[in-house]
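Descriptive analysis of the structure
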Amino acid sequence: MLNKEGIPVQTEATPAASAATQRRGVLVGLMFLGFISLGLPDGLLGVAWPSIAASRGVGLDALGTLLAAGSVGFLSVSVLSGRLLARLGVGVLLALSCAATAISLLGFALAPSWWLLLPCALLLGAGGGAIDAGLNTYAAATSSPRVLTWLHGFYGVGATAGPALMTGLLSSERPWQLGYALVGAGQLALAACFLLTRRRWAADSASTIAMHGDDGSAGLRATLRLPSVWLGIAVFALYTGFEVTVGQWSYTLFTVGRGIDPAVAGGWISLYWFGLTAGRFVAGFIADRVRPAQLLWGGAIGALAGALLVGLVPTGWASVAGLLLTGFALAPIFPALIATTAERVGRSYAANAIGLQVAAANLGIAIIPWLVGRGVASVGPASIAPAIVIVAFAYLALFAASTRASSRR
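Computed from a predicted structure; not experimentally measured.

One pass over the full model with this rule turns up two salt bridges. When the shortest N-O distance is used, the salt bridge between Asp-61 and Arg-374 registers 3.0 Å. Of the two residues, Asp-61 sits in the loop between α1 (15-56) and α2 (63-79) while Arg-374 sits in helix α17 (residues 350-378), which places them 313 residues apart along the sequence. When its relative accessible area of 40% is taken as the criterion, Arg-374 is described as partly exposed. Residue Arg-280 is joined to Glu-243 by a salt bridge in which the shortest nitrogen-to-oxygen separation is 3.7 Å. Of this pair, Arg-280 sits in helix α12 (residues 262-286) while Glu-243 sits in helix α11 (residues 227-257), and the two are 37 residues apart along the sequence.

Pasting the structure below:
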């Protein structure tokens, strides 16, 4: 605190201030756990998928259909998240969302047929979409940029732990269903935590709901007329599609396409998610000292270099180095793209543009891995390697075009 002369002075913490600090610490911890819970199912699926496909009698390309079902659920709930927050409050929304994801994960473990997995994926996406929207909106209203960056870093903690858990179970000849049952039980426990703390979340719910609204500075139709907005939509779709394609299809490339031992390949996939996680925590530390443009260019070029190693150099060292480099390079891109949206499209269009970009990101998760799956169905697992390289090149090219358009504007 500063006195009238601007000199720092010490103040004694009041009981109310201490209680508020304690409450905020509990909620920040729960936010981090919530993002871990978002990453765990994504990490499980990539390693478990060959076993799921074999046990349910479908081809490897069906992974794209499963991811598409999850994206439909995610998008549907994300669109309604503002109304849900206003009606339920943050704590109740998060509790219900975690309960929904728990039911879907337990459904994965118990579903006897392929077709029953699709509604489970839909429900998993819906629950994840509500958790993502609720936590991001609350954090944007109440937390610092560093906490926001680290929040996404904890998604990587879950995504790193998921492959390790599933690889350990499969290596010990345990069924893949056990991994989904364990994570589902954890989600139920987290839902109970959110429910018990619902009144603490309600203390800041008014500002949270306000942050979720549109500022009304520009209409949606006017925003959609801007070429820079459409470039941004394409950039976000390619980025998330690239991130998920590497995370979900690389295991199949290594094991089915290149004959790598499943336990070894599972460890490599964990390294990819570890690189993504570590990169986000590092980005949180350096965000105040490095310009977003530097992070974005470094990320795009580094991700392409990593993709070239994974796709074109079929050796163990190149695969490990490529996955680590790709994950680390991709880490700061999403938050940096969000932060520079106003520069690219204009401040009055930024609110609408960010909503469109987030929607495009989820469409990219659905469409690009699905297209890779079609290539696997028609050509075989060897098609995954060039697909990774092509998407990396496409992202770099579109990002460069978006940057040039922003400079001209």
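Attention now moves to the side chain of Arg-56. Within the fold, Arg-56 resides in helix α1. With no salt bridge to any partner, buried Arg-56 finds its closest opposite charge in Asp-61, at an N-O distance of 16 Å.

This next bit is on helix α7 (residues 176-196). The terminal C-alpha atoms of α7 lie 32 Å apart, and with 21 residues this matches the ideal 30 Å at 1.5 Å per residue to within 8%. Buried within α7 we find Trp-176, Gln-177, Gly-179, Tyr-180, Val-183, Gly-184, Gln-187, Leu-190, Ala-191 and Phe-194. What you see down the axis of α7 is that its buried residues fit within an arc of 145 degrees, all on one side.

The next thing to look at is unusual backbone geometry. A positive phi angle, near 65 degrees, is found at Glu-173, a position not held by glycine. Tracing the backbone shows Glu-173 in the loop between α6 (145-171) and α7.

Taken over all residues, the pLDDT of the protein has a mean of 82, while the share at 70 or more is 85%. Taken element by element, the predicted model of the protein shows its lowest mean pLDDT in helix α9 (residues 205-212) (47) and its highest in α7 (93). Note that residues 1-11 has pLDDT below 50 and, in this model, seven contacts with residues that lie over four places away or in other chains. Under a pLDDT of 50 for its full length, residues 206-216 has, in the predicted model, 18 contacts with residues more than four places off or in other chains.

What counts, and at which threshold
- Residues numbered from 1 in each chain as written.
- Predicted model: local features only at pLDDT ≥ 70, side-chain atom pairs only at ≥ 80, totals over all residues.
- Heavy atoms only, no water.
- Salt bridge = Lys/Arg side-chain N within 4 Å of Asp/Glu carboxyl O.
- Helix = DSSP H or I, 4+ residues; strand = E, 2+ residues; numbered from the N terminus.
- Buried < 20%, exposed > 50% of the residue type's maximum accessible area, 1.4 Å probe, protein only.
- Lys, Arg positive; Asp, Glu negative; His and termini not counted.
- Expected span 1.5 Å × (residues − 1).
- Arc of directions from axis to C-beta.
- pLDDT = per-residue confidence, 0-100.
- Contact = heavy atoms within 4.5 Å.

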